[in-house]
Amino acid sequence: MSFLELQDITKSYGTLNAVSDVTLSVEKGEFVSLLGPSGCGKTTTLQMIAGFVEPTSGTIRLDGRDITHAKANSRGLGIVFQSYALFPHMTVFDNVCFGLEMQRVPKGERRPRVEEALELVHLAAYAGRYPRELSGGQRQRVALARAIVIRPPVLLLDEPLSNLDAKLREAMQFELRDIQRKVGTTTVMVTHDQAEAFSISDRVVVMESGRITQIDQPYRIYEHPETEFISRFVGKTNLLPGTVQAVNDRAATVSLGGVPVEIDAGALVRGDTVTLCIRPEKLRLTGSGLGRLPGRVAERYFLGSQWLYHIDGPLGTLMAVTPNDGSAPLDTGEPVGLDWTPSVVRVHRGRLAEAPDPTLEAH
Amino acid sequence: MSAAPARLPTPLILSAPAALLFGALILTPLVLTALLSFNEFEHATGRTHGFTVAHYASVLSDSYYLEIFLRTFRVAALATAICVVIGVPEAYILSRMRNPWRSVFLLVVLAPLLVSVVVRAFGWSMLLGPEGPVNAALMALGFGRMRLLYSEGTVIVALVHVMLPFMVIPVWTSLQKLDPAVEQAALSFGASRATAIVRVVAPQILPGILSGSLIVFGLSASAFAIPGLLGGRRLKMVATIVYDQYLSDLNWPMGAAVAVLLLAANLIVMLTYHRVVEGHYRRRLG
Ligand SMILES: Nc1ncnc2c1ncn2[C@@H]1O[C@H](COP(=O)(O)OP(=O)(O)OP(=O)(O)O)[C@@H](O)[C@H]1O
Ligand SMILES: [Mg+2]
């Protein structure tokens, strides 16, 4: 049986279902991220696990115990709140120490543990400050230290790193992962940063307007998104609406506005309406006249380790990403060819309500 | 853009009406009262003239006056303490209520303010009078008639009744400013509700409690109607002897001296209190 189980959890505010029928099992020691756009119910889900929001229906089990209606202060979880919720009248040290005091950790043990936690979040020098004397990112790290110092069996993190710079964020992700490995803390983290979710989670839960749409390993979410919402939300993607024209046992031909494209067959039949997804980094730019489609560079963006191109062609504008290998990039207006391996094309049934504008998707 | 636009003295203009009102209605009478308190008083003619500190000397050396001052501050301090004990939990519960009820009960808490203090004082005296319902109930229970009116206890109870809203409102305001997640954070670490309130909520609403106490103490120490009507002739307080000096003895300079001393004592007590309490939270809460 799983360590933390949510079964058919629903939370309604009047007529609004903030969270609907969420079912999720988290194994002991697992690191799970809730990923989704703003307002999709991530915080509400976390708050129900924490015991600050009463589920309208459904059950929550922790280590076999039904905690659906248990008091928040009997659950023994470590929580980082989205608003940090530091105690404004206590120093950083006292903030971090509070949990140890409540757990009746012997006096002599407290100081070294607080210091260790502050060391971990790079705030050892700030122990004597009050929260209002700290920057946003420093406050966030105090909140993190306060949650991990009590070594809880379950850590609930609501966007714990949202306010940190890229370097510090990476360092903290590494620390979180490290703690979770060493201590075996079960961690549920809310984030709307997909890179963060992917880099440290064992599994990612994608939510959309109160519902879970996919639970999978990061790699599978990225490579095999189950809905086109996910493929659009998780990373960049080219979405191409079309109709199946011909099927044989290995391959199918899809007509994209008159342009035939070969894909792996799957369970498609002739006449199906489909949307093809191709990740930009899976498109190869070849010399003009080669590849499957002709194109012309419309725009290029420098991303540091990569170049992002917008390529105009018969299917409209497509995004393509190439690694920055140090050679000169393509110029705008330059003709190119586009190529890809049929197996990288993901197929979703049905047509988009409206094809997203790739220039919007790019930012 | 032009460099350094001419700055209007907007802050000055905006604060002028309040400053004028304050100057005309508070400072001027105060200065006049202070001046009056140094005048000599002729009992025979009632004329006031000259300069003397005799009134201050006689107030400060007379145990009769000292006792009244002590009683006044004791009553005010007790009323303030009781207001804190009743008003702070009341405000906390109020802030935890959901909306239809919260509005209803906020109105209930504020309702006494809508009734004149004099009417409320008479209400108490009817309730506690020798023929009032409280005594009737005591008699029925076999305790016999008790003299409830004209005692310090009655004055304190009535003051608490009048002053409670002045404690509830500032505390409620500072509770509104709290992030509920902060209390939840305390609970998440396993703190009991009571611990969370004492360790986390109370220190944050200390400024509200402080300003509520100052208002209640100041108003109680200078209260006139309640001690006048419920303390009667027997139980004098400072404000009532000021009234007596002015209107019965017609010794205006003496009354003025007592009033100035009340003001000074009140200021000292309140500033000390403010210093002590504020010193505790200034650095933490900014
Ligand atoms: N107390 C409440 N009363 C009414 N509606 C609420 C309440 N709390 C949350 N909601 C609604 O529930 C939905 C989910 O909110 P939630 O805070 O869980 O979003 P979230 O996924 O954490 O978003 P974000 O990433 O912006 O933090 C939102 O539409 C929000 O408006
Ligand atoms: Mg949230």
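- As annotated in an unreviewed UniProt entry, chain B carries the name ABC transporter permease and is attributed to Azospirillum griseum.
- For chain B, the Sequence similarities (unreviewed entry) comment in UniProt is given as "Belongs to the binding-protein-dependent transport system permease family. CysTW subfamily."
- Per UniProt, chain B has the following entry under Subcellular location (unreviewed entry): "Cell membrane".

- Under an unreviewed UniProt entry, the name given to chain A is ABC transporter ATP-binding protein, and the source organism is Azospirillum griseum.

## Some thoughts on the site of ligand 1
Residue and element names in this part refer to chain A.
- For ligand 1, the set of nearby residues contains 13 residues, the closest of which are S38, G39, K42, T43 and T44.
- Residue T44 places a side-chain N or O atom 2.5 Å away from an oxygen atom belonging to ligand 1.
- For ligand 1, whose free accessible area comes to 640 Å², the fraction covered by protein is 62%.
- At the level of secondary structure, the elements contributing two or more residues to the shell around ligand 1 comprise β2 (16–26) and α1 (42–50).
- The class makeup of the residues in the shell around ligand 1 is four nonpolar, seven polar and two charged.

## Section: the nonpolar core
- L4, L6, F87, V96, F98, L144 and L156 of chain A are the most contacted members of the largest nonpolar core, which has 79 residues in total.
- Counting residues per element, this core draws most heavily on helix α2 (residues 92–102) of chain A, which supplies seven residues.
- Those residues within four positions of F87 of chain A in sequence are excluded, and the remaining contacts are N95, F98, P131 and R146 of chain A together with V182, A185, A186, F189 and V200 of chain B.
- One finds L128, V155, I156 and I209 of chain B within the second-largest nonpolar core, a separate group that totals 35 residues.

## Things to note about the pattern of salt bridges
All names here are of chain A.
- Tallied over the full model, the rule gives 26 salt bridges over all chains.
- Of the charged contacts, one joins E30 and R203 as a salt bridge, the two residues approaching to 2.5 Å between their closest N and O atoms. Separated by 173 residues along the polypeptide, E30 in the loop between β2 and β3 (31–35) and R203 in strand β9 (residues 203–208) bring together distant segments of the chain.
- Among the residues examined, R203 registers a relative accessible area of 22% and is labelled partly exposed.
- A salt bridge links E223 to R346, with the shortest nitrogen-to-oxygen separation between them at 3.8 Å. Residue E223 is located in helix α7 (residues 218–223), and its partner R346 is located in strand β20 (residues 346–349); the two are separated by 123 residues in the primary sequence. Here the two residues E223 and R346 agree in accessibility, since each one is buried.
- Overlapping salt bridges, with partners in common, bring together E223, E281, K282 and R346 in one network.

## So, the coordination of the magnesium ion (ligand 2)
Residue and element names in this part refer to chain A.
- In the first shell of the magnesium ion (ligand 2), the protein supplies T43 (OG1) and Q82 (OE1), at 1.8 to 2.3 Å from the metal. Taken as a pair, T43 in helix α1 and Q82 in the loop between β6 (78–80) and α2 lie far apart in primary sequence, 39 residues in all.
- For T43, a relative accessible area of 26% corresponds to the partly exposed category.

## Topic: the sheet that holds β9 of chain A
Residue and element names in this part refer to chain A.
- Strands sit in the order β6-β7-β8-β3-β9-β10 across an open sheet of six strands; the sheet is mixed. In this open sheet, the two strands that pair with only one neighbour each are β6 and β10 (211–216). Sheet twist, expressed as the average angle between the axes of neighbouring strands with direction ignored, equals 15 degrees.
- The sheet contact formed by β3 and β9 spans four bridges and is parallel. Paired with V32 across the strands is R203, a residue of β9.
- Here α1 sits on the sheet and contacts β3, β6, β7 (154–158), β8 (186–191) and β9; the angle it forms with β7, its principal contact strand, is near 150 degrees.

## Describing the domain arrangement of chain A
Residues and elements named next belong to chain A.
- Under the domain assignment, chain A is made up of domain 1 (2–232) and domain 2 (236–349).
- Of note, the centres of domain 1 and domain 2, computed from C-alpha atoms alone, are 38 Å apart.
- Across the boundary between the two partners, domain 1 contributes ten residues, which contact eight residues of domain 2.
- With both chains or domains summed, domain 1 and domain 2 bury close to 850 Å², and 45% of this area falls on carbon and sulfur atoms.
- By the criterion of area lost to domain 2, the three top residues of domain 1 are Y222, E223 and S231, representing 56% of everything that side buries.
- Summed over the shared surface of domain 1 and domain 2, the result is five residue pairs in polar contact (both at pLDDT 80 or more).
- Only α7 and α8 (228–233) provide two or more residues apiece to the side of domain 1 that touches domain 2.
- Of the residues in the side of domain 1 that touches domain 2, the class split is three nonpolar, three polar and four charged.

## A closer look at the side chain of H348 of chain A
Residue and element names in this part refer to chain A.
- Looking at where H348 falls in the secondary structure, it is placed in strand β20.
- A relative accessible area of 7% places H348 in the buried class.
- Not counting residues up to four positions away in its chain, the partners in contact with H348 are P225, E226, T227, E228, S231, V274, T275 and C277.

## A short note on the UniProt feature "domain: ABC transporter" (unreviewed entry) in chain A
- In the numbering adopted here, UniProt assigns the feature "domain: ABC transporter" (unreviewed entry) to residues 4–234 of chain A.
- Segment residues 4–234 of chain A splits into 36% helix and 26% strand. End C-alpha atoms: 26 Å apart.

The rules behind these values
- Residues numbered from 1 in each chain as written.
- Chains lettered and ligands numbered in written order.
- Predicted model: local features only at pLDDT ≥ 70, side-chain atom pairs only at ≥ 80, totals over all residues.
- Heavy atoms only, no water.
- UniProt positions renumbered as here; feature names shortened; annotations may be inferred.
- Near = heavy atom within 4 Å.
- Polar contact = N/O pair within 3.5 Å; in protein donor to acceptor, adjacent residues only side chain to side chain.
- Areas by Shrake-Rupley, 256 points an atom, 1.4 Å probe, with all protein chains shown as cover.
- Helix = DSSP H or I, 4+ residues; strand = E, 2+ residues; numbered from the N terminus.
- Nonpolar A, V, L, I, M, F, W, Y, C, P; charged D, E, K, R; others polar.
- Core = buried A, V, L, I, M, F, W, Y, C linked by side-chain atoms within 4.5 Å.
- Buried < 20%, exposed > 50% of the residue type's maximum accessible area, 1.4 Å probe, protein only.
- Contact = heavy atoms within 4.5 Å.
- Salt bridge = Lys/Arg side-chain N within 4 Å of Asp/Glu carboxyl O.
- Donors = N, O, S within 2.8 Å, 3.2 Å for Na, K, Ca; no water.
- Pairing = 2+ DSSP bridges.
- Axes fitted to C-alpha atoms, helices over the stretch in contact; angles between N-to-C directions.
- Domains from an automatic or database assignment.
- Buried area = accessible area lost by both parts, 1.4 Å probe.

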